[in-house]
Amino acid sequence: MVFLPVGLQDPRLIVNQVLTIYTSKGKVHGVTGGFKPIHQDKEVGRAAGFADSKIDVGTSSRAETEALGVQIGDMVVNERPGRMLGERIYCGKSVDNRSGCAAMILAMRLLRHVKTEATVYCCATVQEEIGVKGARVAARSIKPDVAICIDVGFAGESDALNPDCSRAYLGKGPGIQLYDWNPDFFLGNITLARMRDALIGAARRQDIPFQLIAELRGGTDAAEISLSGDGVLTGGLAIPERYIHTAVGTVSIDDVRWTAELTAAFVKELKSKL
Ligand SMILES: [Zn+2]
């Protein structure tokens, strides 16, 4: 069966993966092939894409496939269990932005018994990758005064990274995002100086390591949140990630923890006027 990308997917990375289809009858697993057997392929080494790839769910007819519950429109994801690489690095699928959700949940735990001047909303948004949609709806309904957007950021030591992208490093703390910009959507966020200083100040006072970053080729929910209502003071924290938007990414679990600690420290210090 053929399938299409949702959001930014590198078509070269879809070959020879185990995938899970979410059907009305439950999960169905399949594999992607797309190439001839290597013994018969004169084009070995050529990059393939979605047009070359099909999902094989082990059936031999359309009726058999439909009997599994598979329908047009079902969502397909990579089948990739998460695991640790050594002691400090986690690898798995959808680290962008499961790591951000993990940091947010940890921040909620750190704030559980703390009396804060601010009313705190924690929100995991959907469809950031296809036009920051969930953040738009969430910001409209919450009407925040101040927002921190937790996402991942490009870890620059991994691959031949476009110099436009920021250079954050795994295990050196969350990136305080000074600026992010997605030229395709013409959307971005400039973290105002007072927001930047509050985040840096909270990190320094709590001895939390951080990196200062700017991303010229990657937007986040921050852009949409900053434009909601009468405008929202918005900053971003970026957990450095290697291999963003591939089948498997890596993050440092220390960076995830420090992101949570910095979020909680910022919230604790937040007064009614920033
Ligand atoms: Zn992303």
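Residues numbered from 1 in each chain as written. Predicted model: local features only at pLDDT ≥ 70, side-chain atom pairs only at ≥ 80, totals over all residues. Heavy atoms only, no water.

1. Here we look at the nonpolar core
Part 1 of the argument: Residues Ile-176, Met-195, Leu-199, Ile-208, Leu-237, Leu-262 and Phe-266 are the most contacted members of the largest nonpolar core, which totals 18 residues.
Part 2 of the argument: Residue assignment for this core shows that the elements contributing at least two residues are helix H4 (193-205), strand S11 (233-242) and helix H6 (253-269).
Part 3 of the argument: Counting ten residues, the second largest nonpolar core, distinct from the first, contains Ile-150, Phe-154, Ile-244 and Val-251. (Core = buried A, V, L, I, M, F, W, Y, C linked by side-chain atoms within 4.5 Å. Buried < 20%, exposed > 50% of the residue type's maximum accessible area, 1.4 Å probe, protein only. Helix = DSSP H or I, 4+ residues; strand = E, 2+ residues; numbered from the N terminus.)

2. Description of the side chain of Thr-259
Part 1 of the argument: Mapped onto the secondary structure, Thr-259 falls in helix H6.
Part 2 of the argument: Overall, Thr-259 belongs to the buried group, its relative accessible area being 0%.
Part 3 of the argument: Sequence-distant contacts of Thr-259, defined by excluding residues within four places in its chain, comprise Ala-103, Ile-150, Pro-174, Leu-237 and Ile-239. (Contact = heavy atoms within 4.5 Å.)

3. What about the pairing of strand S2 (residues 26-32)?
Part 1 of the argument: Both strand S1 (residues 18-23) and S2 contribute to a ladder of six bridges, which runs antiparallel. Each residue of the ladder has a partner; that of Thr-23, found in S2, is Gly-26.
Part 2 of the argument: Between S1 and S2, which pair antiparallel one after the other, the connecting turn spans two residues.
Part 3 of the argument: Where S2 meets strand S3 (residues 55-56), two bridges bridge the pair, whose relative direction is antiparallel. Paired with Thr-32 across the strands is Ile-55, a residue of S3. (Pairing = 2+ DSSP bridges.)

4. Let's talk about the packing of aromatic side chains
Part 1 of the argument: The tally for this structure, following the rule as stated, stands at one aromatic pair.
Part 2 of the argument: Residues Trp-181 and Phe-186 carry aromatic rings whose centres are separated by 5.0 Å and whose planes lie at 70° to one another, so their mutual orientation is edge-to-face.
Part 3 of the argument: In this structure Trp-181 comes out as partly exposed when scored by relative accessible area, which is 22%. (Phe/Tyr/Trp six-rings, centres within 6.5 Å; stacked < 30°, edge-to-face > 60°.)

5. Side note on H6
Part 1 of the argument: The end-to-end C-alpha distance of H6, which contains 17 residues, comes to 25 Å, matching closely the 24 Å that a straight helix rising 1.5 Å per residue would cover.
Part 2 of the argument: For H6, the buried fraction is high: twelve of the 17 residues fall into the buried class.
Part 3 of the argument: Contacts made by the buried residues of H6 are with helix H2 (95-110), strand S7 (146-154), strand S8 (175-182), H4, S11 and strand S12 (249-252).
Part 4 of the argument: Put simply, Ser-252 is the residue that caps the front of H6, since its side-chain oxygen is 3.1 Å from the backbone nitrogen of Asp-254. (Expected span 1.5 Å × (residues − 1). Polar contact = N/O pair within 3.5 Å; in protein donor to acceptor, adjacent residues only side chain to side chain.)

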